[in-house]
Amino acid sequence: MVDGKQNVEFLNNPARFLDPYHFRVTFECIAPLPEDLEWRLIYVASPGNEELDQELDDCLVGPVPVGVNAFEFEGSAPNPSKIPPEDVLGVAALILTGSYKDQEFVRVGYYQNTEYDNDEMKENPPEPIRFDRLVRDINQKPRVTRFQIKWDISPPQPQSAVAAGAANSAAVPSADDLDDEESPEPTTNGKTTIS
């Protein structure tokens with residue numbers, strides 16, 4: 001299971017709007033995870049319209065051992081043709097989600113500011129939009145939401161015909177109870193006694 005200690009470091013921030021996103025994710029796993037973790041990067045240009053959200057990339061990481069784990073993730077830039085012109089400049093959101101067995105366990109949201117790379121274009125934005133002249137800057141103070149999920153870290157144990165429990169387990173004698181001449185003898189109830 002992944003605990004609450006995660007870090008996302010953007011390796012190319014600020015950057016050109018059309019550059020891929022490149023970042024490193026570090027997290028701590030407190031129990032081994034035999035299945036992959038799925039990470040998704042989503043660009044949200046229009047918060048009121050989920051249909052315009054763009055999944056920029058996803059990756060699978062796993063199986064995941066106990067300890068601190070890290071990986072680098074590169075996601076494509078958003079497709080400009082899918083962003084309404086009125087939503088290109090200004091603030092948008094970038095969301096990184098982590099899931100295990102189709103259950104989202106973390107969502108990390110960032111604000112991204114997009115503007116022109118020079119003062120003249122900032123003051124008088126050209127039409128049509130010049131995406132090759134836009135730069136993005138991602139705010140480094142994310143909003144992190146964690147979700148409780150069923151990690152299922154221990155596989156189900158096979159059922160046996162004999163009931164498990166103390167009634168069928170062997171007694172464990174201490175070293176003080178044994179001497180060299182005595183030997184354990186089994187009894188009919190499944191316990192071992194010392195004679």
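Residues numbered from 1 in each chain as written. Predicted model: local features only at pLDDT ≥ 70, side-chain atom pairs only at ≥ 80, totals over all residues. Heavy atoms only, no water.

The name given to the protein chain in an unreviewed UniProt entry is Anti-silencing function protein 1, and the organism recorded there is Pycnoporus cinnabarinus. Entered under Sequence similarities (unreviewed entry) in the UniProt record, the comment concerning the protein chain runs "Belongs to the ASF1 family." Turning to the protein chain, the UniProt record has this under Subcellular location (unreviewed entry): "Nucleus". (UniProt positions renumbered as here; feature names shortened; annotations may be inferred.)

(A) The side chain of R136, seen in detail. Positionally, R136 belongs in strand 9 (residues 134–138). Although R136 lies buried, it forms no salt bridge, and the closest oppositely charged side chain, D19, sits 5.7 Å away as judged by the N-O distance. Side-chain polar atoms of R136 contact the backbone oxygen of R16, separated by 3.2 Å. Of note is the side chain of R136, whose polar atom sits 3.4 Å from the backbone oxygen of F17. Setting aside residues no more than four positions away along its own chain, R136 makes contact with N12, N13, P14, A15, R16, F17, D19, P20, Y21, Q112, N113 and T114. (Helix = DSSP H or I, 4+ residues; strand = E, 2+ residues; numbered from the N terminus. Buried < 20%, exposed > 50% of the residue type's maximum accessible area, 1.4 Å probe, protein only. Lys, Arg positive; Asp, Glu negative; His and termini not counted. Salt bridge = Lys/Arg side-chain N within 4 Å of Asp/Glu carboxyl O. Polar contact = N/O pair within 3.5 Å; in protein donor to acceptor, adjacent residues only side chain to side chain. Contact = heavy atoms within 4.5 Å.)

(B) Structural detail: the pairing of strand 9. Side chains L134, R136 and I138 of strand 9 all project onto a buried face; the interleaved residues V135 and D137 project onto a face where none is buried. Of the strand pairs in this sheet, strand 2 (residues 15–16) and strand 9 are connected by two bridges, and their pairing is antiparallel. Counted as the bridge partner of R16 is V135 from strand 9. Summarising the sheet, strand 8 (residues 103–116) and strand 9 pair through five bridges and their orientation is antiparallel. (Pairing = 2+ DSSP bridges.)

(C) Broad picture of the pattern of salt bridges. Across all of its chains, the model carries eight salt bridges by this definition. Across the pair R24 and E9 runs a salt bridge whose closest N-O atoms are separated by 3.1 Å. Taken together, the positions of R24 in strand 3 (residues 21–29) and E9 in strand 1 (residues 2–10) put the pair 15 residues apart, joining distant regions of the chain. For R24, a relative accessible area of 28% corresponds to the partly exposed category. R133 is paired through a salt bridge with D117; the nearest N and O atoms lie 3.0 Å apart. Taken together, the positions of R133 in the loop between helix 1 (119–123) and strand 9 and D117 in the loop between strand 8 and helix 1 put the pair 16 residues apart, joining distant regions of the chain. By sharing partners, the salt bridges in this structure join E9, R24 and E72 into a single network.

(D) The environment of Q103, seen in detail. Among the structural elements, Q103 can be located in strand 8. Between the C-alpha atoms of Q103 and L37, which are 66 residues apart in sequence, the distance is 9.7 Å. Setting aside anything within four residues of it in sequence, one finds Q103 in contact with G98, I149 and K150. Separated by 2.9 Å, the side chain of Q103 and the backbone oxygen of K150 make a polar contact.

(E) Structural view of the pairing of strand 3. Because side chains alternate across strand 3, one face comprises the buried residues Y21, F23, V25, F27 and C29, and the other comprises H22, R24, T26 and E28, none of which is buried. Of the strand pairs in this sheet, strand 3 and strand 6 (residues 67–75) are connected by nine bridges, and their pairing is antiparallel. Paired with Y21 across the bridge in strand 6 is G75.

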